[in-house]
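Descriptive analysis of the structure
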Amino acid sequence: MSEQLADKGTQGADSAETQILEWHGPILERTEDYMTIPWLIRQRIRRDPRAPIVSRKAQMGSTWRTMSGQDFLTAVNNLARGFIAHGLQPGDAIAVMSRTRYEWTLIDVAGWSANLTVVPIYETSSVEQIAHILDDSDIKLVITETMVLAQLVQTARERVSERPRILSLDNSAILRLVEAGQSVPVEKVDERIANQTLDDLASIVYTSGTTGTPKGVELTHGNFSILAHNGHSWMPEIAMDRDSRLLLFLPLAHVYARFLQVFQLTGAGILAHAPDTKNLLADLESFRPSYLLAVPRVLEKIYNSADQSAGSGFKLKTFRWAAKTAIQYSRALDTEMGPSRALTTQHRTADALVYRKLRDLLGGKCSYVISGGGPLGERLGHFYRGIGVTILEGYGLTESTAPLAVNTPRLSKIGTVGPPISTVGVRISDEGDVMIKGPSVFKRYHNRPAETRQAFSDDGWFYTGDLGSLDRDGYLRITGRRKEIIVTAGGKNVVPSILEDRLRGHPLVSQVVVVGDKRPFIGALVTLDAEMLPGWLANKGLPSMTVSEAVNDPTVKAALNRAVERANQAVSRAESIRKIAVLTSDFSEANGQLTPSLKVKRNVVLKEFEKEIDELYGGPVVEDTEQEQE
């Protein structure tokens with residue numbers, strides 16, 4: 001089999017990137033065995049013990065209290081001593097079931113400092129999913145955020161043979177552990193760190209998975225620490241400055257946020273948490289982050305909300321002129337001539353009228369947003385760069401400890417997920433499969449040797465399951481998931497994500513699932529965004545209505561059909577959407593149709609809305625009678 005190879009993925013970068021690395025330290029294929037996550041964090045604290053490392057929001061008001069590195073280390077050691085006092089041995093697994101908050105990070109670092117394996121459980125997980133994780137990872141202790149979650153774990157615990165202890169944060173879990181640890185000398189923690197190696201398990205992360213039972217991905221200290229160390233060399237502007245401020249609001253149960261936590265703690269700036277996304281705008285305003293981690297859906301909603309807030313008339317025309325100017329300006333930055341004098345003047349005017357207000361929504365000092373979890377779209381990437389916020393779109397998997405390719409402040413091409421990171425090799429098979437290899441790639445699925453063997457080629461390359469290509473400059477583009485390819489009755493292969501991503505950009509649209517496997521044409525299931533609907537109706541001079549009413553409204557239908565026509569411009573006629581079914585309810589984690597990382601569980605949706613899909617085509621799939629006889 002012949003493949004394209006990204007040389008910079010296996011041999012390091014060249015030209016401009018090499019210069020950056022010479023200034024900020026070498027890229028390492030493997031650090032020394034002692035350079036585990038706790039060691040890297042302690043090295044950062046030793047450099048300046050009094051410098052702030054964590055910021056916590058006061059329970060009342062909008063003030064943030066910083067914690068010095070030394071104080072954070074003391075809190076970590078005290079909790080690690082508590083784990084040891086409770087009889088937890090090196091390699092034992094503990095689980096955390098909580099929203100993103102300071103205590104999650106404290107437990108993570110303390111668990112690693114006691115050489116424990118810290119296993120995340122989404123707070124939205126079902127009893128069946130919790131029981132599977134408890135049993136599969138042989139969990140010894142579970143720490144939940146609330147007593148309600150503790151009761152859920154208690155129910156799941158009854159289904160497994162080894163029953164872990166359960167503690168709850170709202171029932172003084174941290175205090176009780178710290179009190180128990182007072183009898184354990186801190187030297188015991190130091191001893192465990194000294195005996196730790198890069199090959200020790202840091203975590204087993206269960207893929208949220210759109211199909212089947214979640215698989216446990218074993219991630220080692222080496223997976224995290226090599227990636228963090230090298231990340232600071234590729235992108236020193238992000239976390240190696242004392243002014244660096246990261247506000248995490250995505251789930252720490254997800255590997256992307258988990259890696260960013262380690263990345264920030266091993267840098268030079270401050271980490272903070274936003275547990276309740278209902279307060280996110282207020283938290284952004286008061287904390288004023290320098291960079292964020294977000295998923296494309298969040299960035300789409302910010303744009304759509306701004307467009308809707310502009311209302312109508314002159315104000316709306318001004319916003320849309322400013323948005324168009326931002327995109328044109330950003331595109332011009334990539335040309336040899338650069339923005340013209342007239343475009344620069346327009347851009348400066350638009351900044352005074354519109355862009356500053358948009359940047360204020362992100363806290364006013366946010367220069368970068370790291371985007372992952374799905375394709376962003378070229379237009380949105382140019383829009384944000386045009387308003388002064390650079391989107392660093394990346395691509396990764398749980399199996400790659402998150403990023404395996406990412407756009408950096410110096411190496412960036414909008415419309416791609418960036419070049420492969422310097423220690424990860426990426427190759428594209430003849431069939432278009434993206435395959436990866438490197439020190440941040442996991443070695444095995446927990447307790448699943450057969451599935452582990454199937455996931456790797458004979459020469460050790462991991463099949464990501466994604467389709468993509470590498471351009472002549474070595475930048476990676478992802479075109480879709482192999483298992484999601486639709487084959488129409490006419491034999492046309494269709495990648496649904498291209499259409500879904502474009503259609504989801506409309507303010508009325510929440511989710512899209514393109515259908516058409518074995519059908520004569522392509523169709524789509526569409527759900528409406530209940531948050532955006534009232535404002536959209538008001539701007540159109542229409543009366544307020546429920547989602548169920550809007551589904552049948554002629555003006556809403558016409559707007560959706562126009563959005564479909566625009567989405568179809570990205571594909572051939574054979575691949576275009578001919579009919580849509582607008583559903584009266586949205587997909588969510590609660591109804592089991594979205595994963596905790598907000599990906600659609602396509603197989604669940606196709607099964608639960610089989611009737612609506614059949615109605616699009618006038619009946620069910622007609623199977624080939626000859627095949628049936630065979």
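It should be emphasised that the depicted structure is a prediction, and the values quoted were computed from it without experimental measurement.

**Brief notes about the packing of helix α15 (residues 313–333) against helix α16 (residues 341–361)**
Close contact between α15 and α16 brings their axes to 9 Å; oriented N to C, the two are set at 120°. As the angle between them shows, α15 and α16 are arranged oblique. The two elements α15 and α16 cross, and the hand of that crossing is left-handed. Packed against α15, whose contacting residues are T318, F319, W321, A322, T325, A326, Q328, Y329 and A332, the element α16 presents L343, T344, Q346, H347, T349, A350, L353, V354, Y355 and L358 at the interface. Here the contact of α15 with α16 is built from residues that sort into 12 nonpolar, seven polar and no charged.

**Focus: unusual backbone geometry**
A positive phi angle, near 65°, is found at S172, a position not held by glycine. Along the chain, S172 falls in the loop between β7 (165–168) and α8 (173–180).

**Points about the side chain of S203**
Among the secondary structure elements, S203 is positioned in strand β8 (residues 201–206). One polar contact links the side chain of S203 to the main-chain carbonyl oxygen of V118, over a distance of 2.5 Å.

**Observations concerning the confidence of the model for the protein**
Regions with low pLDDT should not have their predicted coordinates read in detail. Averaged over every residue, the pLDDT of the protein is 90; residues scoring 70 or more account for 93%. Taken together, the stretch residues 1–25 has pLDDT below 50 and engages in 54 contacts with residues farther than four places along the chain or on a different chain. Long-range and interchain partners of residues 625–630, a stretch whose pLDDT sits below 50, account for one contact in this model, where long-range means more than four residues apart.

**Some words on the pairing of strand β13 (residues 368–371)**
Side chains on a regular strand alternate between the two faces of the sheet. By the alternation rule, side chains of β13 split into Y368 and I370 and V369 and S371, which are all buried. Bridge analysis of strand β12 (residues 291–294) against β13 gives four bridges, and the strand direction is parallel. Considered in β13, the bridge of A294 is made with S371. Sheet analysis places β13 next to strand β14 (residues 390–397), joined by four bridges and oriented parallel. Note on β14: the bridge partner recorded for V369 is I391.

**Considering the packing of aromatic side chains**
Inspection of every chain in the model, using the stated rule, returns 14 aromatic pairs. On the numbers, 5.4 Å between centres and 55° between planes, the contact of F456 with F462 is tilted. With relative accessibility at 2%, the residue F462 sits in the buried group. Taking 6.0 Å as the distance between ring centres and 50° as the angle between the ring planes, the aromatic pair formed by F587 and F609 counts as tilted. Linking F587 in the loop between β24 (577–583) and α23 (602–608) with F609 in the loop between α23 and α24 (610–617), this pair joins segments that are 22 residues apart in sequence. An aromatic cluster is present here, built from Y303, F319, F383 and Y384 joined pairwise through their rings. The ring centre of Y445 lies 5.2 Å from the NZ or CZ of K215, which sits over that ring. The aromatic ring of F287 is capped on one face by R245, whose charged end is 4.0 Å from the ring centroid.

**Notes on the sheet that holds β24**
The mixed open sheet is built from three strands, whose spatial order is β22-β23-β24. On the outer flanks of this sheet lie β22 (509–515) and β24, each paired with one strand and no other. Across the sheet, the axes of successive neighbouring strands diverge by a mean angle of 25°, strand direction being ignored. The sheet strands contacting helix α22 (residues 554–568) are β22, β23 (522–528) and β24, and the helix crosses β24 at an angle near 140°.

**Points about the packing of helix α14 (residues 296–309) against helix α17 (residues 378–387)**
Running from N to C, α14 and α17 cross one another at 65°; their axes reach a closest spacing of 11 Å. Here α14 is positioned roughly perpendicular relative to α17, judged by the angle of their axes. Relative to α17, the crossing made by α14 is left-handed. Only R379, L380, F383 and Y384 of α17 make contact with α14, whose side of the interface consists of L299, E300, I302 and Y303.

**Let's talk about the sheet that holds β7**
The strand order across the open sheet formed by four strands is β5-β4-β6-β7, and the pairing between neighbours is parallel. Either end of the sheet is taken by a strand with one partner, and the two such strands are β5 (117–120) and β7. For this sheet the average axis-to-axis angle between neighbouring strands, irrespective of direction, equals 25°. Of the pairings in the sheet, the one linking strand β4 (residues 93–97) to β5 comprises four bridges and is parallel in character. In the strand pairing of β5, V96 is matched with P120.

**Regarding helix α7 (residues 147–157)**
Residues of α7 that are buried include every one of L149, A150, V153, A156 and R157, and no others. With its buried residues spanning 115° around the axis, α7 presents them on a single face. Across from the buried face of α7, at angles greater than 90 degrees, the exposed residues are V148 and Q151. In this structure, the buried side of α7 is in contact with β4, α6 (127–137), β6 (139–144) and β7.

**Some points on the pairing of strand β3 (residues 64–68)**
Pairing analysis gives five bridges linking strand β2 (residues 52–57) to β3, with the strands arranged antiparallel. Note that in β3 the partner of S55 across the bridge is T66. Hairpin connection between β2 and β3: a loop of six residues separates the two successive antiparallel strands, and G61 in this loop has a positive phi of roughly 85°.

**Considerations on the environment of V604**
Turning to its location among the elements, V604 is positioned in helix α23. Given a relative accessible area of 22%, V604 falls into the partly exposed group. With 475 residues separating them along the chain, V604 and Q129 place their C-alpha atoms 16 Å apart. What V604 contacts, discounting residues up to four positions off in sequence, is G592 and Q593.

Conventions and cut-offs
Residues numbered from 1 in each chain as written. Predicted model: local features only at pLDDT ≥ 70, side-chain atom pairs only at ≥ 80, totals over all residues. Heavy atoms only, no water. Axes fitted to C-alpha atoms, helices over the stretch in contact; angles between N-to-C directions. Helix = DSSP H or I, 4+ residues; strand = E, 2+ residues; numbered from the N terminus. Parallel < 35°, antiparallel > 145°, perpendicular 65-115°, else oblique. Left-handed = near helix turned anticlockwise from the far one by under 90°. Contact = heavy atoms within 4.5 Å. Nonpolar A, V, L, I, M, F, W, Y, C, P; charged D, E, K, R; others polar. Polar contact = N/O pair within 3.5 Å; in protein donor to acceptor, adjacent residues only side chain to side chain. pLDDT = per-residue confidence, 0-100. Buried < 20%, exposed > 50% of the residue type's maximum accessible area, 1.4 Å probe, protein only. Pairing = 2+ DSSP bridges. Phe/Tyr/Trp six-rings, centres within 6.5 Å; stacked < 30°, edge-to-face > 60°. Lys NZ or Arg CZ within 6 Å of the ring centre and 35° of its normal. Arc of directions from axis to C-beta.

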